[in-house]
Amino acid sequence: MADPICWLDIVEPEDADGLLAETYDLIRRTDGSVHNLYKAMSLRPEPIRWADGHYRAVLHNSENSLPEWFLELVATMVARLASCAYAQTHHGANLRYLVGDAARADAMVDAAAAGREADVLDGKLAALVSYARKLANEPDGMTQEDVSRARNAGADDAEILETTQVAACFSYWVRIINGLGIRIGNETIGRKGGEPRVS
């Protein structure tokens, strides 16, 4: 018998019916599989579709002005700060894919998590990483001055909002993942196929 994917009972896609079956069909990956993350939530399916929709609207929104690789960097950094192997593995792989250089992508995550973002990023992106790291680590310590610092580095308010949304969204997900002991198991990691690209 395979190792369990989490600490709770789950309903596999082939055993699902009703709302859960409909929900699984909505959130399947392009290869037809369902993330273990969503299987771990299967006993209460209603939040799954809303959580997945929120995640996609925050991280994969075509209206975002910040580059997708940067938002994946913020997501991966938040996962690293929370010691969330599941999210760090998936989003670290996405970051490597988008940057097109695994060593460079990994160095960016290392620097961002350690407070050395100025070593790998310039200007507003470094300031936004600093902002996101503080939000993930010290949410009760946030002040208007944190927003002002990002603005003074060249970030506009929409970019500050995008960064806030990703950092906050992943602060939610890492708590779901760590709280339920969700494992990757035999999931396909990150993006599938395609040539590396920088956006």
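Residues numbered from 1 in each chain as written. Predicted model: local features only at pLDDT ≥ 70, side-chain atom pairs only at ≥ 80, totals over all residues. Heavy atoms only, no water.

K.L.:
Just to check I follow, could you spell out the packing of helix α4 (residues 68–81) against helix α9 (residues 157–180) for this structure?
P.N.:
A pair of packed helices can be characterised by two numbers: the angle between their axes and the separation between those axes. Running from amino to carboxyl end, α4 crosses α9 at an angle of 35 degrees, the nearest separation of the two axes being 9 Å. Crossing of α4 over α9 shows right-handed handedness. Residue-level contacts link F70, L71, V74, A75, V78 and A79 of α4 to E162, T163, V166, A167, F170, S171 and V174 of α9. Of the residues that constitute the contact of α4 with α9, the class distribution is ten nonpolar, two polar and one charged. (Axes fitted to C-alpha atoms, helices over the stretch in contact; angles between N-to-C directions. Helix = DSSP H or I, 4+ residues; strand = E, 2+ residues; numbered from the N terminus. Left-handed = near helix turned anticlockwise from the far one by under 90°. Contact = heavy atoms within 4.5 Å. Nonpolar A, V, L, I, M, F, W, Y, C, P; charged D, E, K, R; others polar.)

K.L.:
Explain the packing of aromatic side chains here, please?
P.N.:
Here the distance between the centres and the angle between the planes together describe a pair of aromatic rings. For the structure on display, the rule yields four aromatic pairs. Each ring, one from Y38 and one from W173, has its centre 6.0 Å from the other, and the planes form 85 degrees; the classification is edge-to-face. Of this pair, Y38 sits in helix α2 (residues 36–39) while W173 sits in helix α9, placing them 135 residues apart in sequence. Like W173, Y38 is buried. Ring geometry for Y172 versus W173: centroids 4.9 Å apart, planes at 70 degrees, classification edge-to-face. With a relative accessible area of 37%, Y172 lands in the partly exposed category. (Phe/Tyr/Trp six-rings, centres within 6.5 Å; stacked < 30°, edge-to-face > 60°. Buried < 20%, exposed > 50% of the residue type's maximum accessible area, 1.4 Å probe, protein only.)

K.L.:
I'm lost on the nonpolar core in this one. Help?
P.N.:
When a protein is soluble and globular, its nonpolar side chains tend to lie buried together. Judged by nonpolar contacts, the single largest core of 61 residues is most densely connected at W69, F70, L73 and L121. Looking at this core, the elements that each hand over two or more residues are α1 (18–27), α2, α3 (46–59), α4, α5 (85–99), α6 (102–114), α7 (123–137) and α9. If we skip the residues at most four places from it in the chain, F70 touches L121, L125, L128, V129 and T163. (Core = buried A, V, L, I, M, F, W, Y, C linked by side-chain atoms within 4.5 Å.)

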